[in-house]
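# Analysis of the macromolecular model
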Amino acid sequence: MCGVFAISSADINNAGEKVIEGLKKLEYRGYDSWGVATSHEMKKEVGKISCATVVFKEDSKAIGHSRWATHGGVTSENSHPHTYKTVTLVHNGIFENYLSAKNRLLQKGEKFLSDTDSEVIAHLIQEQLDLSHTPETAIQNVSQSITGRFSIVVMIEGVEEIFVARRGSPLIIGRGKGELSKTTFIASDIPAFLEYTNVVNYIDDDEMAIISNESVQFYNLLSGEEIEKRNIEVSWKEEVADKGDYNHFMIKEIFDQKQSLMSAINHTEEEIQEFISVLQSGNGVYMVACGTAHKACIAAEYYFSQIAGRKINVVPASEMPAFERFINNKTVLFAVSQSGETADILEVLEFGKKRGAKVISITNVESSSIARISQNHLPLRAGKEKAVASTKATTSQMALLLLLAYADNNRLNEGRLVLQSLASSVNDLLNPRYEEYIKSVAETLHDCRNIFIIGRNSLFPMALESAIKIMEVSYIHAQGFAAGEMKHGPIALIEKGTPCIVLGCDSETISNAMELKSRGAKIIGVSNKNNILFDQWLKIPSAGTAISIASLLPIQILSYYLATLRGLNPDMPRNLAKSVTVK
Ligand code: AGP
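Definitions and cut-offs
Residues numbered from 1 in each chain as written. Predicted model: local features only at pLDDT ≥ 70, side-chain atom pairs only at ≥ 80, totals over all residues. Heavy atoms only, no water. Pairing = 2+ DSSP bridges. Helix = DSSP H or I, 4+ residues; strand = E, 2+ residues; numbered from the N terminus. Contact = heavy atoms within 4.5 Å. Axes fitted to C-alpha atoms, helices over the stretch in contact; angles between N-to-C directions. Buried < 20%, exposed > 50% of the residue type's maximum accessible area, 1.4 Å probe, protein only. Expected span 1.5 Å × (residues − 1). Near = heavy atom within 4 Å. Polar contact = N/O pair within 3.5 Å; in protein donor to acceptor, adjacent residues only side chain to side chain. Areas by Shrake-Rupley, 256 points an atom, 1.4 Å probe, with all protein chains shown as cover. Core = buried A, V, L, I, M, F, W, Y, C linked by side-chain atoms within 4.5 Å. Domains from an automatic or database assignment. Parallel < 35°, antiparallel > 145°, perpendicular 65-115°, else oblique. Left-handed = near helix turned anticlockwise from the far one by under 90°. Nonpolar A, V, L, I, M, F, W, Y, C, P; charged D, E, K, R; others polar.

## Remarks on the sheet that holds strand 4 (residues 61-67)
- The strand order across the open sheet formed by eight strands is 3-2-4-1-10-9-11-15, and the pairing between neighbours is antiparallel. Every interior strand has two partners, whereas the edge strands, strand 3 (42-46) and strand 15 (232-233), have only one.
- Sheet topology note: the strand 9 (residues 172-175)/strand 11 (residues 199-202) ladder contains three bridges and is antiparallel. Bridged to Ile173 within strand 11 is Asn201.
- Contacting strand 1 (3-9), strand 2 (33-38) and strand 4, helix 1 (residues 15-24) crosses the sheet at an angle of about 150 degrees to strand 1.

What follows is the structure, given as structure tokens:
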């Protein structure tokens, strides 16, 4: 999390303003507060950087940060950059052992202005400089003493260069070209500088770079040896994040599913077969993902079991340490992620690689860290997903996973037909009348306190995902259950009028819905057929094995309207960030 962006230039003198503009494109990484430092000025504010209009004195160097708070509350003191004497820095990640370092420095009489782990890094670097180490050695020594994932960008008073170092958290160098040939950009993600250049150097783990107006030099952070880096031209076009006629990105991205499902399954037969052959080569497949992508993986567990007869182990990435003993050189680790930067997943993949496991992945962001460390990768091609709540990337993940399950059973063409038919029905379904109808259902629910969702088979993970979607944007407590599980405890929560969303209308699910209705629940059915039990009905197309994907669409629209009817901004829910790069 946290967006980092910095510029060092001999071509421009408005680096401060340019850093603000770039940070606005990284706001999805964190939007609690922001700050920018040039060589002479520092501006910090609580709130979203998208609302900032700031003017700086002329300067050709600036570093900035958009924060998602980890250590210390959302205050301007805790916002980055942090300065101690001559050192000013921004930090993304977590300095896990910061407290012992801070206590030692406090005993030395040093004073801290914030509660952050990041400020301690500035003190540690200064301590090294005071011992007459060069800035590069100072940063090397400090980096070696830090545990945890981090990326830092450091300016030192009286020193022309900017210094950067990375272990775990993403950092990419953009090489200016043309009129900006003496400009270097440093960012946690490419969109920050894509309007200026598509030529990049990826900084890998345990690497640092020294950036001056004339050159960029790369070093191994541990040995200090210089490293040669290739300039890589990324094929990204700057995707203008444009809401068009929509009020929010979330609803725009829901409607993007008219096209994105097709893009997800458009990989060539060769690409799919190559991917599947790695998956089949293992003796045990572990799917690792977080949040919504994890629910897509649980759906895939059903797809692979029922279509391909393959057992896939699905584990939330953060829980994987408990199963580490099963990871060896025969294991396939299969990561699923929208951003491709989720720290919990990266940690599992890095561990797996050390054990010799094969790593494959599907991500939406093609140049992401997860994509780059995978031996085989398939992009989702859903287009930029900007709203924090994942919608189109989720259904693209599920569509591609369903296709892979068919391919695993030598039925790739059959899988394509199922998904093409789904894509075409989704294209018909997503229209203003459907949206209006779901909005009218949201009007009957938006002031309720709890919503329960049930589903069976591949609709069970959709019940879990529906709950995430409703909670994260509307802040209404929602919980998903396997339909047959309600009677084992949660049914105690049902009172007269409790809204229960029932995914599916097979006879067993309907029996479970009946048990809820008998206790006063209000039943909102999501299915291709209406049922006498349903108080309200959200129609979906018949989609065969792709029913789980179809069922999500009305829930996504419902969640969106639950949020907006409650006066909330669904694109940037409180306490969240789009890309979760801390553990
Ligand atoms: C999505 O709606 C959520 N905000 C969140 O659970 C997300 O799916 C999770 O953080 C994983 O992100 P990733 O797909 O980028 O790895």
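## Overview of the pairing of strand 4
- Counting buried residues along strand 4, seven of its seven residues qualify, which places the element largely inside the surrounding structure.
- Side-chain alternation along strand 4 places Lys61, Ile63, His65 and Arg67 on one buried face and Ala62, Gly64 and Ser66 on a second face that is also buried.
- Across six bridges, strand 1 lies against strand 4 in antiparallel orientation. Bridging across to strand 4, Gly3 finds its partner in Ser66.
- Pairing geometry for strand 2 and strand 4, over six bridges, is antiparallel. Paired with Val36 across the strands is Gly64, a residue of strand 4.

## Quick word on helix 8 (residues 291-308)
- Over its 18 residues, helix 8 extends 25 Å from the first C-alpha to the last, a length consistent with the 26 Å expected when each residue adds 1.5 Å.
- Following helix 8 by one or two positions, Gly309 has its phi on the positive side, about 65 degrees.

## What about the site of the ligand?
- Near the ligand, the surroundings consist of 15 residues, among which Ser337, Gln338, Ser339, Thr342 and Glu472 are the closest.
- Here an oxygen atom of the ligand and a side-chain polar atom of Ser337 are 2.6 Å apart.
- In this structure, Gln338 approaches the ligand through a main-chain N or O atom, which is 2.7 Å from an oxygen atom.
- Out of a free accessible area of 420 Å², the ligand has 90% covered by protein chains.

## Some thoughts on the nonpolar core
- Judged by nonpolar contacts, the single largest core of 89 residues is most densely connected at Tyr303, Phe334, Leu401, Leu404, Ile501 and Ile549.
- For this core, the element with the highest residue contribution is helix 16 (residues 547-565), accounting for 11 residues.
- Split by domain, this core shows at least three residues from each of two domains, domain 2 (244-430) and domain 3 (431-583).
- When sequence neighbours within four positions are dropped, the list of residues in contact with Leu404 reads Ile272, Phe275, Ile276, Phe304, Phe334 and Leu378.

## Quick notes on helix 12 (residues 412-429)
- Taking 1.5 Å per residue, 18 residues should reach 26 Å; helix 12 reaches 25 Å between its end C-alpha atoms and fits that length.
- For helix 12, the complete set of buried residues consists of Leu412, Gly415, Arg416, Leu419, Leu422, Ala423, Ser425, Val426 and Leu429.
- Next to the buried residues of helix 12 lie helix 6 (257-264), helix 7 (269-281), helix 11 (392-408), helix 13 (432-445), strand 25 (536-539) and helix 16.

## Description of the packing of helix 11 against helix 12
- Viewed as axis vectors pointing N to C, helix 11 and helix 12 meet at an angle of 150 degrees, and their least axial separation amounts to 7 Å. As far as their axial angle goes, helix 12 and helix 11 are roughly antiparallel. Considering the relative orientation of helix 11 and helix 12, their crossing is right-handed. Note on element contacts: helix 12 touches helix 11 through Leu412, Glu414, Gly415, Arg416, Val418 and Leu419, opposite Ala399, Leu402, Leu403, Tyr406 and Ala407.
- Among the residues making up the contact of helix 11 with helix 12, the classes are represented as eight nonpolar, one polar and two charged.

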